[in-house]
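Chain and residue survey
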Amino acid sequence: MTAYLWNPPAVQSLPVRGKAERLPINRLFFVGRNYHAHAVEMGRPVDKSIERPFYFTKAPQTLVASGATVAYPPETSNYHFEMELVVAIGAPAFRVTREDAHQVIYGYACGLDMTRRDLQLVARDKGRPWDLGKDVEQSSVCTEIVPMPGMVIERGEIALSVNGQTKQQSNVDKLIWNIREIIADLSLFYHLQPGDLIYTGTPEGVGAVVPGDLIQGRVEGVGEIELRVGPAE
Ligand code: MN
């Protein structure tokens with residue numbers, strides 16, 4: 001037994017639909033600009049013929065279960081929602097081909113990539129890392145994992161509302177880089193492991209929330225997500 005000065009951080013985990021065991025989380029990957037209309041609204045259109053996807057990561061400790069109330073985070077006045085389809089990796093993958101990519105899928109979830117947009121845009125425009133804008137405490141919201149081993153989701157409505165008003169409405173078939181392409185490309189850079197989550201990007205319509213807001217989202221065939229924004233600390 002290793003002796004530690006204090007208790008090590010708890011393993012982050014998510015419930016799995018239909019199972020008693022929870023899915024232990026390894027890493028959290030996020031795809032940037034993966035819907036054309038969102039890339040355009042951010043002022044950075046994507047030309048797939050000459051560009052590759054890009055990624056950022058968040059610490060697993062930023063994970064929050066759907067249904068939570070989170071404090072409005074510090075040092076921002078423009079906290080944004082981003083509704084996303086999440087892929088859960090269930091097997092090791094390094095340099096996996098698009099054709100084989102389905103073999104490493106464990107399942108899917110609905111996710112929110114909450115973002116301090118003001119800080120992200122300052123970082124982007126100054127060529128600095130995105131961490132202060134993206135790696136925000138309690139900003140990686142996720143539902144239970146729905147087991148769909150080996151299944152590739154190619155279409156399905158993705159939508160989000162704030163206080164009952166629709167803000168985002170699109171379809172997963174509009175992903176610029178689809179699920180197979182993302183897994184294959186990301187596995188060129190990382191040895192993907194069971195428990196890695198990939199947030200696949202958000203469609204257009206992102207916007208700010210304020211304390212008291214109720215965010216509700218869904219992905220057709222996967223599930224529904226909810227987050228309440230509480231007062232600032
Ligand atoms: Mn995102």
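Scope of this entry: the structure provided in the associated data block. Just so it is clear, the structure is predicted and the values come from calculations on it, not from any experiment.

Our focus in this paragraph is the sheet that holds strand β6 (residues 69-72). What the five strands build is an open sheet, ordered β6-β18-β17-β13-β14; its pairing is mixed. Two strands in the sheet have a free side with no partner beyond their single neighbour: β6 and β14 (165-171). Neighbour-to-neighbour, the strand axes of this sheet turn through a mean angle of 20°, independent of strand direction. Sheet analysis places β6 next to strand β18 (residues 223-232), joined by four bridges and oriented parallel. By the bridge assignment, Ala-71 is partnered in β18 with Gly-230.

Okay, the coordination of the manganese ion next. Within the protein, the atoms that donate to the manganese ion are Glu-82 (OE), Glu-84 (OE) and Asp-113 (OD), at distances of 2.0 to 2.1 Å. Ordering the donors of the manganese ion by residue number gives the pattern E-x1-E-x28-D. Of this pair, Glu-82 sits in the loop between β7 (79-81) and β8 (83-89) while Asp-113 sits in strand β9 (residues 105-113), and the two are 31 residues apart along the sequence. On the basis of relative accessible area, Glu-82 is assigned to the buried category, the value being 4%.

Looking now at the pattern of salt bridges. Pairing of side chains with opposite charge becomes possible as their charged atoms draw close. Counting across every chain of the model gives twelve salt bridges. Across the pair Asp-185 and Arg-52 runs a salt bridge whose closest N-O atoms are separated by 2.8 Å. One end of the pair, Asp-185, is in helix α4 (residues 179-189); the other, Arg-52, is in the loop between α1 (36-41) and β4 (55-58), and 133 residues separate them in sequence.

A few words now on the sheet that holds strand β16 (residues 207-208). Pairing is antiparallel across the open sheet formed by three strands, whose spatial order is β10-β7-β16. What marks the edges here is a single partner per strand, and that holds for β10 (115-116) and β16. Judged from the two bridges that link them, β7 and β10 form a sheet pairing that is antiparallel. If you follow His-80 over to β10, its bridge partner there is Thr-115.

Turning to helix α2 (residues 117-126), a few remarks are in order. Those residues of α2 lying buried are Arg-117, Gln-120, Ala-123 and Arg-124. The arc that holds every buried residue of α2, seen down its axis, measures 130°, which confines them to one face. The exposed residues of α2 that point more than 90 degrees off its buried face are Asp-125 and Lys-126. Elements that come into contact with the buried residues of α2 comprise α1, β7, β10 and α3 (131-134). Gly-127 sits one or two residues past α2 and shows a positive phi near 70°.

Criteria and cut-off values
Residues numbered from 1 in each chain as written. Predicted model: local features only at pLDDT ≥ 70, side-chain atom pairs only at ≥ 80, totals over all residues. Heavy atoms only, no water. Pairing = 2+ DSSP bridges. Helix = DSSP H or I, 4+ residues; strand = E, 2+ residues; numbered from the N terminus. Axes fitted to C-alpha atoms, helices over the stretch in contact; angles between N-to-C directions. Donors = N, O, S within 2.8 Å, 3.2 Å for Na, K, Ca; no water. Buried < 20%, exposed > 50% of the residue type's maximum accessible area, 1.4 Å probe, protein only. Salt bridge = Lys/Arg side-chain N within 4 Å of Asp/Glu carboxyl O. Arc of directions from axis to C-beta. Contact = heavy atoms within 4.5 Å.

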